[in-house]
Amino acid sequence: MSDAVRYDVDGAVATITLNRPDAMNAFDLGMKEALPEVLKSAAQDVAVRAVVLTGAGRGFCVGQDLKEHADLLAANDPRPLRTVTDHFNPIVTLLASMPKPVVAAVNGPAAGAGASLAFACDFRVAAETAKFSMAFTAIGLVPDSGASWTLQRLVGYPRAMQMLLSPEPVPAAQALEWGLVTTVVATDECLGAAQGLAAALASGPTRAYALTKKALIAAATSDLPAALELEAELQAQAGQTRDHINAVQSFVNKQRPVFEGR
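What you see is a predicted model, and the numbers here were worked out from it, not measured in a lab.

Asker: Please clarify how the packing of aromatic side chains should be interpreted in this entry.
Answerer: The geometry of an aromatic ring pair is captured by two quantities: the separation of the ring centres and the angle between the planes. Applying the stated criterion across every chain, the model contains 2 aromatic pairs. Centroid distance F27 to F88: 5.3 Å. Interplanar angle 90°. Geometry classified as edge-to-face. With F27 in the loop between β2 (13–18) and α1 (29–44) and F88 in helix α3 (residues 79–96), the pair connects residues that are 61 residues apart, well separated along the chain. Lying over the aromatic face of W149, R153 brings its terminal NZ or CZ to 3.9 Å of the ring centre.

Below, the structure is given as structure tokens:
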């Protein structure tokens, strides 16, 4: 596994750290190839019930490593023009479809594809020094890594358009006001706060969380009859889980339920 991405498990929480701090965790080829494998490991590990995504050092992730990108373009290497399809799309799909909650600990600047990764997570805990910059049009590109889909669902069309066309970053306080982040904390508390939220989620009915995520993603692009049909299907699945059966019995017995994620 590449040193560009760290993977640590503490109890039921996996912390994935983008680890190129000298480059503000910009995506080079090594990181783009390593991150999907780490995300798959987190998804498949039954002992892991929640995931934290963060960056090493002062930044969360500033997107594509433009120096590497420029060097490859100058060499007529075709890989830069395929990187959205080959790398960023699979990464965002793995994050959005992760069958357990994902918390982004946005410990500093998040730009371009880096910001898009945070938007694909279920929760965003932002450091007070964090800021979000959709840097695509500044270099003559269009949004990728799902930003055209996630951003307008988080903040609405007008604010999404403002962020995508303006070079001005959105600071953490404004991001909180807009609903772009879940909470804002002191910079040195960001990772701990995100891991605390993840640990609380990990103690819950994580199988039900996974089915809820599936319902929300589908409903975002479906009509009401289709959403109702999927809800009924997923509810039937949830109703057969040990968590549901045990929780109902605990309620009857006036006890606090203990969830196992099964």
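Back to the write-up after that little detour.
Asker: Is there a simple way to explain helix α10 (residues 224–238) in this structure?
Answerer: Along an α-helix, residues three or four positions apart point the same way, because every turn accommodates 3.6 residues. In a regular helix each residue adds 1.5 Å, so 15 residues correspond to 21 Å; α10 covers 20 Å between its end C-alpha atoms and thus fits that length. Within α10 the residues assigned to the buried category are A227, L230, L234 and A238. Down the axis of α10, the sector holding all buried residues measures 80°, keeping them to one side. Within α10, the exposed residues directed more than 90 degrees away from the buried face are P225, E229 and Q235. For α10, the elements touching its buried residues are α9 (206–219) and α11 (242–252). With a side-chain oxygen positioned 2.9 Å from the backbone nitrogen of A226, the residue opening α10 is D223.

Asker: Looking at this model, I keep getting lost on helix α5 (residues 147–155). Mind explaining?
Answerer: Taken as a whole, α5 has its buried residues at A147, T150, L151 and V155. Along α5, the residues classed as buried sweep out an arc of 100° about the axis, all on the same side. Against the buried residues of α5 lie α4 (113–120), α6 (157–165) and α7 (172–178). At the C-terminal side of α5, G156 shows a positive phi close to 90°.

Asker: What am I meant to see in the pairing of strand β4 (residues 102–106) here?
Answerer: Moving residue by residue along a regular strand, the side chains alternate between the two faces of the sheet. Of all the 5 residues making up β4, 5 are buried; the element is thus mostly covered by neighbouring parts of the structure. Side chains V102, A104 and V106 of β4 all project onto a buried face; the interleaved residues V103 and A105 project onto the opposite face, where all are buried too. Pairing of strand β3 (residues 50–55) with β4 involves 4 bridges; the strand directions are parallel. When the bridges of β4 are listed, T54 appears paired with A105.

Basis of the calculations
Residues numbered from 1 in each chain as written. Predicted model: local features only at pLDDT ≥ 70, side-chain atom pairs only at ≥ 80, totals over all residues. Heavy atoms only, no water. Phe/Tyr/Trp six-rings, centres within 6.5 Å; stacked < 30°, edge-to-face > 60°. Helix = DSSP H or I, 4+ residues; strand = E, 2+ residues; numbered from the N terminus. Lys NZ or Arg CZ within 6 Å of the ring centre and 35° of its normal. Expected span 1.5 Å × (residues − 1). Buried < 20%, exposed > 50% of the residue type's maximum accessible area, 1.4 Å probe, protein only. Arc of directions from axis to C-beta. Contact = heavy atoms within 4.5 Å. Polar contact = N/O pair within 3.5 Å; in protein donor to acceptor, adjacent residues only side chain to side chain. Pairing = 2+ DSSP bridges.

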